[in-house]
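So you can see what is in the structure, the chains are spelled out below.
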Amino acid sequence: MTAESVHADNPGSHLFSVGDISLVIRMPTAQEWDLYVDMRGKKSLDAKKFLRSCVIFPSKEDVQRLIDRQPFLRRKIDDLIAGLVAPESGDLADSGVYAGAKVLECDGILYHLRQPTEQDCDRFEDGVKSGYSAAATHFVKACLLQPSAVDFDQQNAAKPALKHVLAAHLTSMAGAGIEFTEKK
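Residues numbered from 1 in each chain as written. Predicted model: local features only at pLDDT ≥ 70, side-chain atom pairs only at ≥ 80, totals over all residues. Heavy atoms only, no water.

*Asks:* For empty space enclosed by the protein, give the residues involved together with the corresponding values.
*Replies:* Within the structure shown, the criterion is met by one cavity of 30 Å³ or more. The volume enclosed by the largest cavity comes to roughly 30 Å³. Split by residue class, the lining of the largest cavity holds four nonpolar, one polar and two charged. (1 Å grid on protein atoms, 1.4 Å probe; cavity = no way out; pocket = protein on both sides within 12 Å on 5 of 7 lines; lining within 4 Å. Points joined across faces, edges and corners; volume = space filled by probe spheres on them. Nonpolar A, V, L, I, M, F, W, Y, C, P; charged D, E, K, R; others polar.)

*Asks:* I'd like a description of the layout of surface pockets, backed by residues and values.
*Replies:* Leftover empty space is mapped by rolling, across the atoms, a probe with the size of a water molecule. By volume, the largest pocket is sized at about 220 Å³. Taken together, K49, R52, S53, V55, P58, S59, K60, V63, Q64 and I67 make up the lining of the largest pocket. Element by element, the count of residues in the lining of the largest pocket is highest for helix 4 (residues 60-69), at four residues. Residue classes in the lining of the largest pocket are distributed as four nonpolar, three polar and three charged. (Helix = DSSP H or I, 4+ residues; strand = E, 2+ residues; numbered from the N terminus.)

*Asks:* Lay out the packing of aromatic side chains in plain terms, naming residues and giving numbers.
*Replies:* Going through the model one piece at a time under the given rule, you end up with three aromatic pairs. On the basis of an interplanar angle of 70 degrees and a centroid distance of 5.7 Å, the ring pair of F124 and Y132 is categorised as edge-to-face. Between F124 and F139 the ring centres are 4.5 Å apart and the planes differ by 15 degrees, which places this aromatic pair in the stacked class. Note that F124 is positioned in helix 6 (residues 118-128) and F139 in helix 7 (residues 132-143), a separation of 15 residues in sequence. Its relative accessible area of 10% is what places F124 among the buried residues. An aromatic cluster of three or more residues is present, and its members are F124, Y132 and F139. Cation over ring: R74 sits above F72, and NZ or CZ is 5.6 Å from the ring centre. (Phe/Tyr/Trp six-rings, centres within 6.5 Å; stacked < 30°, edge-to-face > 60°. Buried < 20%, exposed > 50% of the residue type's maximum accessible area, 1.4 Å probe, protein only. Lys NZ or Arg CZ within 6 Å of the ring centre and 35° of its normal.)

*Asks:* Go over the confidence of the model for the chain with me, naming the residues and quoting the values.
*Replies:* The predicted model of the chain has a mean per-residue pLDDT of 92, with 98% of residues at 70 or higher. Mean pLDDT values over the elements of the chain span from 72, in helix 3 (residues 44-51), up to 98, in strand 7 (residues 144-146). (pLDDT = per-residue confidence, 0-100.)

*Asks:* Residue-level account of the side chain of T137, with values.
*Replies:* If you trace the backbone, T137 turns up in helix 7. Accessibility expressed as a relative area gives 17% for T137, which makes it buried. Apart from residues lying up to four places away in sequence, T137 is in contact with F152 and K163. (Contact = heavy atoms within 4.5 Å.)

*Asks:* Go over the sheet that holds strand 3 (residues 55-57), please, and point to the residues and values.
*Replies:* Across the sheet, which stays open at both edges, the three strands sit in the order 1-2-3 with antiparallel pairing between neighbours. A strand with exactly one partner marks an edge of an open sheet, and here the two such strands are strand 1 (14-18) and strand 3. Strand after strand, the sheet turns through a mean of 35 degrees between neighbouring axes, direction not considered. The pairing of strand 1 with strand 2 (residues 21-25) spans five bridges and is antiparallel. For H14, the partnering residue across the bridge sits in strand 2 and is I25. On the sheet, helix 5 (residues 73-85) packs against strand 1, strand 2 and strand 3 and is oriented at approximately 35 degrees with respect to strand 2. (Pairing = 2+ DSSP bridges. Axes fitted to C-alpha atoms, helices over the stretch in contact; angles between N-to-C directions.)

*Asks:* Explain helix 2 (residues 30-40) to me, using residue names and the numbers behind them.
*Replies:* Residues of helix 2 that are buried: A30, E32, W33, Y36 and V37. Taken end-on, helix 2 shows its buried residues confined to a sector of 165 degrees, consistent with a single buried face. (Arc of directions from axis to C-beta.)

*Asks:* Which residues make up helix 4, and what values do they have?
*Replies:* Listed as buried for helix 4 are V63, L66 and I67. The arc enclosing the buried residues of helix 4, seen along the axis, measures out at 95 degrees, which places them on a common side. Helix 4 presents D68 and R69 as exposed residues on the side facing more than 90 degrees away from its buried surface. Tucked into the core, helix 4 has its buried residues touching strand 2, strand 3 and helix 5.

Following this line, the structure appears as structure tokens:
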């Protein structure tokens, strides 16, 4: 069994190589990605091991041997998997359609987002206590002006990190990234 044959036998899988290392990775389902995101804040090591179940070649044992020899390889593998679920996105810009709103392009689709209110932020922060992924989905839908929630759900199913990308931009819009300096 070779990486190429495993890749050929698993439509939708992705083959990555560097030197003598080849990996075949399947994209995590939306449910797997959400579980990983929700687990990583509580049990980081378990979450990473869970995410690595998306590596379908080489065997789990061979992947662990690679990581034992080169421990930071685990980050590279995690990054490859995360790259499969994250949309390509640009920078926030002013929406030319909705006054006071911002627009972000992800995988060629324009997402128009209104400014989050304090109540939106409170609901998001309260929701995070139960699960980040569900809270992010609700936060995005509360502030999404365009496309429709149905279209968002379809795109999020295809790229399960979409909600996390949009939620991060919403928190930034709401002031999460502001840094104060002390004047002396």
